[in-house]
Protein chains: 2
Amino acid sequence: MCMQTCSTLGSMTSGVTDARPLQVRVADDVRLKIETCQWPPGHRLPTYDELAVMYGCSLAVVRKAVDLLKQEGLIVTAQGSGTFVRQRAVARRHGIERYARSRWSTGQAVLVAEAQAQGRTAGQRIRELTEVPAPPVVAERFSIEAGTPVWVRRRTTLIDGRPNQLADSYYELDVVRGTRIMEEDTGPGGGFARLEEKGVRLDRISEELMARMPSGPEVAALQLPPGTPVIDLTRTTYDADGKAVEVMVSVLAGDMASFCYDFPIPD
Amino acid sequence: MCMQTCSTLGSMTSGVTDARPLQVRVADDVRLKIETCQWPPGHRLPTYDELAVMYGCSLAVVRKAVDLLKQEGLIVTAQGSGTFVRQRAVARRHGIERYARSRWSTGQAVLVAEAQAQGRTAGQRIRELTEVPAPPVVAERFSIEAGTPVWVRRRTTLIDGRPNQLADSYYELDVVRGTRIMEEDTGPGGGFARLEEKGVRLDRISEELMARMPSGPEVAALQLPPGTPVIDLTRTTYDADGKAVEVMVSVLAGDMASFCYDFPIPD
DNA sequence: TAGTGGTCTAGACCACTAG
DNA sequence: TAGTGGTCTAGACCACTAT
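Residues numbered from 1 in each chain as written. Chains lettered and ligands numbered in written order. Predicted model: local features only at pLDDT ≥ 70, side-chain atom pairs only at ≥ 80, totals over all residues.

Glancing now at the protein's contact with DNA strand C. Close to DNA strand C lie 22 residues, the nearest being Gly80(A), Leu22(B), Ser58(B), Ala60(B) and Gly80(B). Among the secondary structure elements, those contributing two or more residues to the surface near DNA strand C are α2 (48-55) and β2 (82-85) of chain A together with α1 (22-35) and α3 (59-71) of chain B. Classifying every residue of the surface near DNA strand C by side-chain character gives eight nonpolar, twelve polar and two charged. (Near = placed C-beta within 6 Å. Helix = DSSP H or I, 4+ residues; strand = E, 2+ residues; numbered from the N terminus. Nonpolar A, V, L, I, M, F, W, Y, C, P; charged D, E, K, R; others polar.)

In structure tokens form, the structure reads like this:
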């Protein structure tokens, strides 16, 4: 195999200290090869040993450089098998049409309807159904005292079998008492349909989004590849009187989510 | 100083291999201390040497653990000074009211109006004003052939002096020809005001968001702390005929951005 | 079994910050 | 100047994958 040293890494031979760290220069060079498709998606990179020879550095430096590119989400490593240029996951689009009343009022839950529209399969696993003291974020939106008992429905949603969201839906107790929202299976149309059955007229939704890096446990729960951020999404649903009836606090895998909002220019 | 070994890291003494990597256990323990505010924001962590003694491991393992927490955005390191629990930056909220016609039609640019409303100062630096072949994403939204010449206005926006967004606004040539959108200073009310002056009636906006990790150059341009994701935001502005008149492709620092959308439940 | 990536050690030296 | 975090080396051993 052709294995030649790369002489493009700036002043590596001289002892001058005006260059960036070796690991960064190595990472830059590899990134360039990937971005120019010299190493296309799915391509197997040279082994650590080979890279060390190519760039004339130690294994530890190669590891650091590979770590940097993993953090950027550019490559993935597979123990015993190799290092590969990452195939970007196709993100699922979240448009506001997923909340269309015509769908859930006819028995199709939001999650399932949206997945079907995009040719995917949806699933969910209930993690917990219980009464808890309202966390500050939730209390604020319900305009109640933090710590007031509220009902929470914690679930993990799955797309094509892969967990993609940790979603906790909060309700005031008297809103859900006696409804199937307190049960594992909420029935046709999901929670929204149950609320309207009870006489609550759902009117508006407010969504707030932020991006951040996942914690260790979130990486595990969502099976996140390295270098994948998460989206914190807080969704508040209001009734016709402007009263919040559901607050959903969720964490989504960033590589599987894209959001789309379409709105008229406000006056 | 009280410096005792931590015995909470699972089976560290036994040679059994059923535990997670040392660096992960160390990171977990430190994360716990931070989350429980035993080490509050701004607190200086023990030095690498001290941590190595505390956890009974080598310096390299401590470095790895610290790297993990840096990636999570939980801590920051300062060479020569120490390691500190990160103070979360207060994110700027982006609500759709920032596009209100009443503001820019009276001479206040969107960027400035939004910053002022939140008690911050806004600024911008024009990086480039030129004609380019339309990138695929842009061409698609304009419904033109990719590669067709379009006008682009590349700028870096600043909030409180820190760069927070790389924004490239694209226009079809005959839309901007002869307007101040082709100049550095677009004048009062910004590009939106100039378009309406020309007889274009702006009607709707569509925003698409995705989160990802920044590339090396983006980290530099946006001065991103480690462990900070970016938001890819593509904004398309349509006129009353449903024709796209501006496509803005931008990259925002994730730790300074939060988005809020409020909409009626669709039928 | 050979070869891959992952974990871990011990230690040298440099760059930066603070007193 | 002392002490901090950052870079880098050399090498041992383990866990996993392919053949």
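Ile231(A) and Ile231(B) are the most contacted members of the largest nonpolar core, which totals 86 residues. The contacts of Ile231(B), once residues within four sequence positions are left out, are Ala211(A), Leu209(B), Ala211(B), Leu252(B), Gly254(B) and Ala257(B). Core analysis: the next-biggest nonpolar cluster, separate from the first, contains 15 residues, Ile34(B), Val61(B), Ala65(B) and Leu69(B) among them. (Core = buried A, V, L, I, M, F, W, Y, C linked by C-beta atoms within 7 Å. Buried ≥ 20, exposed ≤ 12 C-beta atoms within 10 Å, placed from the backbone. Contact = placed C-beta atoms within 7 Å.)

The next subject is helix α3 (residues 59-71) of chain A. All names here are of chain A. In this model α3 runs 18 Å from its N-terminal to its C-terminal C-alpha over 13 residues, within 8% of the 18 Å that 1.5 Å per residue would give. Among all positions in α3, only Val 61, Val 62, Ala 65, Val 66, Leu 68, Leu 69 and Gln 71 are buried. Of the residues flanking the end of α3, it is Gly 73, one or two places downstream, whose phi is positive at about 75 degrees. (Expected span 1.5 Å × (residues − 1).)

Residue and element names in this part refer to chain A. It is at 8 Å that the axes of helix α1 (residues 22-35) and α3 come closest, and there the two elements cross at 55 degrees. The pairing of α1 with α3 is recorded here as oblique in orientation. Read as a crossing pair, α1 and α3 show a hand that is right-handed. Across the interface between the two elements, Leu 22, Gln 23, Val 26, Ala 27, Val 30 and Arg 31 of α1 pack against Val 61, Val 62, Lys 64, Ala 65, Leu 68 and Leu 69 of α3. For the contact of α1 with α3, a count of residues per class yields nine nonpolar, one polar and two charged. (Axes fitted to C-alpha atoms, helices over the stretch in contact; angles between N-to-C directions. Parallel < 35°, antiparallel > 145°, perpendicular 65-115°, else oblique. Left-handed = near helix turned anticlockwise from the far one by under 90°.)

Below, the discussion takes up the sheet that holds strand β10 (residues 257-264) of chain A. With mixed pairing, eight strands are arranged side by side in an open sheet as β3(A)-β10(A)-β7(B)-β8(B)-β9(B)-β6(B)-β5(B)-β4(B). Either end of the sheet is taken by a strand with one partner, and the two such strands are β3 (92-95) of chain A together with β4 (122-133) of chain B. The average undirected angle you get between the axes of adjacent strands in this sheet is 20 degrees. Here β10(A) runs beside strand β7 (residues 202-212) of chain B; their pairing, made up of seven bridges, is antiparallel. (Pairing = 2+ DSSP bridges.)

What follows concerns the pairing of strand β9 (residues 244-253) of chain B. Residues and elements named next belong to chain B. Of all ten residues that make up β9, nine are buried, and the element is covered over most of its length. Pairing between strand β6 (residues 162-172) and β9: six bridges, direction antiparallel. Among the inter-strand pairings, Ala 167 is bridged to a residue of β9, identified as Ser 250. For strand β8 (residues 230-239) and β9, the ladder comprises nine bridges, and the chain directions are antiparallel. In the strand pairing of β9, Tyr 238 is matched with Ala 244. Adjacent in sequence and paired antiparallel, β8 and β9 are bridged by four residues, among which Gly 242 carries a positive phi angle near 80 degrees.

Attention now goes to helix α5 (residues 110-117) of chain B. For the α-helix, the turn length of 3.6 residues means that residues three or four positions removed from each other point alike. Residues and elements named next belong to chain B. Looking only at α5, the buried set comprises Leu 111, Ala 113, Glu 114 and Ala 115. On the buried face of α5, the contacting elements are α4 (101-104), β4 and β5 (149-159). Positive phi shows up at Gly 119, right after α5, with a value of about 70 degrees.

Now for the protein's contact with DNA strand D. The full set close to DNA strand D counts 22 residues, and Leu22(A), Ser58(A), Ala60(A), Gly80(A) and Gly80(B) are the nearest of them. Broken down by secondary-structure element, the contributors of at least two residues to the surface near DNA strand D are α1 and α3 of chain A together with α2 (48-55) and β2 (82-85) of chain B. The greatest single-element share of the surface near DNA strand D, amounting to three residues, is contributed by α3(A). For the surface near DNA strand D, a count of residues per class yields eight nonpolar, twelve polar and two charged.

Another point: the relation of the copies chain B and chain A. Structural alignment of chain B on chain A gives an RMSD of 0.2 Å, achieved by rotating through 180 degrees and translating 0.2 Å along the axis. The operation mapping one copy onto its partner corresponds to a two-fold rotation axis. Here 98% of the interface residues in chain B have copies in chain A that are interface residues too; the copies meet face to matching face. (Least-squares fit on C-alpha atoms with pLDDT ≥ 70 in both.)

Each partner contributes to the interface: chain B provides 41 residues, whereas chain A provides 40 residues. For the side of chain B that touches chain A, the elements supplying multiple residues, two or more each, are α1, α4, β7 and β10 (257-264) of chain B. A total of eleven residues in the side of chain B that touches chain A trace back to one element, the largest contributor, which is β7(B).

Looking now at the environment of Tyr48(B). All names here are of chain B. Considering the arrangement of structural elements, one finds Tyr 48 in helix α2. Between the C-alpha atom of Tyr 48 and that of Ala 60, which follows or precedes it by twelve residues, the distance is 9.2 Å. Sequence-distant contacts of Tyr 48, that is, excluding residues within four places in its chain, are made with Leu 59, Val 62 and Arg 63.

Turning next to the pairing of β6(B). For β6(B), the tally of buried residues reaches eight of eleven residues, placing the bulk of the element in the interior. Adjacent in sequence and paired antiparallel, β5(B) and β6(B) are bridged by two residues, among which Asp160(B) carries a positive phi angle near 50 degrees.

This brings us to the domain arrangement of chain A. Residue and element names in this part refer to chain A. According to the domain assignment, chain A consists of domain 1 (22-85) and domain 2 (92-260). Here the C-alpha centroids of domain 1 and domain 2 sit 39 Å apart. Taken residue by residue, the interface counts five residues in domain 1 and four residues in domain 2. Here the side of domain 1 that touches domain 2 is composed, by residue class, of one nonpolar, two polar and two charged. (Domains from an automatic or database assignment.)

As a further point, take the sheet that holds strand β4 (residues 122-133) of chain A. Spatially, the eight strands line up as an open sheet ordered β4(A)-β5(A)-β6(A)-β9(A)-β8(A)-β7(A)-β10(B)-β3(B), and their pairing is mixed. Of all strands in the sheet, those bounded by a partner on one side alone are β4 of chain A together with β3 (92-95) of chain B. Ignoring which end each strand starts from, the neighbouring axes of this sheet average 20 degrees apart. The pairing of β4(A) with strand β5 (residues 149-159) of chain A spans eleven bridges and is classified as antiparallel. Bridging from a neighbouring strand, Val132(A) pairs with Val150(A) of β5(A). Running over the sheet, helix α5 (residues 110-117) of chain A touches β4 and β5 of chain A and is turned about 155 degrees from β4(A). Here helix α8 (residues 190-197) of chain A sits on the sheet in contact with β6 (162-172), β7 (202-212) and β9 (244-253) of chain A, set at roughly 150 degrees to β7(A).

Among the structural elements, Val251(A) can be located in strand β9. Taking the C-beta count within 10 Å as the criterion, Val251(A) has 20 such neighbours and is therefore assigned buried.

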